[in-house]
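# Structural description and commentary
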Amino acid sequence: MADAARDDAPHHLCLSFEYDTERRATVVERSVRVEVGEIDDARSAARVDRDGRTVRVRIGAADLVALRAGTNTWIRLLDVAERVAETAGRRDGAP
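This one's a predicted model, so the numbers in the text were calculated from it and none came from an experiment.

Scoring rules and cut-offs
- Residues numbered from 1 in each chain as written.
- Predicted model: local features only at pLDDT ≥ 70, side-chain atom pairs only at ≥ 80, totals over all residues.
- Heavy atoms only, no water.
- Helix = DSSP H or I, 4+ residues; strand = E, 2+ residues; numbered from the N terminus.
- Expected span 1.5 Å × (residues − 1).
- Buried < 20%, exposed > 50% of the residue type's maximum accessible area, 1.4 Å probe, protein only.
- Pairing = 2+ DSSP bridges.
- Axes fitted to C-alpha atoms, helices over the stretch in contact; angles between N-to-C directions.
- Contact = heavy atoms within 4.5 Å.
- Salt bridge = Lys/Arg side-chain N within 4 Å of Asp/Glu carboxyl O.

Let us look at helix α1 (residues 22-33). Look at α1: 16 Å from first C-alpha to last across twelve residues, which is about the 16 Å you get at 1.5 Å a residue. Taken together, the buried positions of α1 are occupied by Arg24, Ala25, Thr26, Val28, Glu29 and Val32.

Encoded structure:
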């Protein structure tokens, strides 16, 4: 599955996260975007985009097991990016 994040994937999910500031959303989006294509495989793939304060991860998968695994992976990646952005923001005095 070359681009399972496409809308024609048999199974797909869109995770949407809204942040307090556009700056925080940008930091999180840029942090996880580098993983797109790196963790994709024959059964699942993802796309990441940002619109203002909202970050979206679209996951497409060939089967439900791959969709669940992809969802868990991307939620963990976003969680780490959020914690790092929060810690860095406290150190910089940024929101």
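Moving on, we get to the sheet that holds strand β1 (residues 11-18). Each strand in a sheet pairs with its neighbour through backbone hydrogen bonds, running either in the same direction (parallel) or in the opposite one (antiparallel). Pairing within the open sheet is antiparallel, and its three strands lie in the order β1-β3-β2. Each end of this open sheet is capped by a strand with a single partner; those strands are β1 and β2 (44-51). The sheet shows a mean angle of 15° between the axes of neighbouring strands, taken without regard to direction. Packing against the sheet, α1 makes contact with β2 and β3 (54-61), and its axis sits at approximately 160° to β2.

Further remarks concern the pattern of salt bridges. For the coordinates displayed, the defined rule picks out six salt bridges. Notably, a salt bridge pairs arginine 43 with aspartate 63, separated by 2.8 Å at the nearest N-O pair. Highlighted residues: arginine 43 in the loop between α1 and β2 and aspartate 63 in the loop between β3 and α2 (64-92), separated in sequence by 20 residues. Since its relative accessible area comes to 38%, arginine 43 is described here as partly exposed.

The next thing to look at is the pairing of β3. Summarising burial for β3: six of the eight residues are buried, a large majority. Here β2 folds back onto β3 in antiparallel fashion, the turn holding two residues, of which glycine 52 has a positive phi close to 65°.

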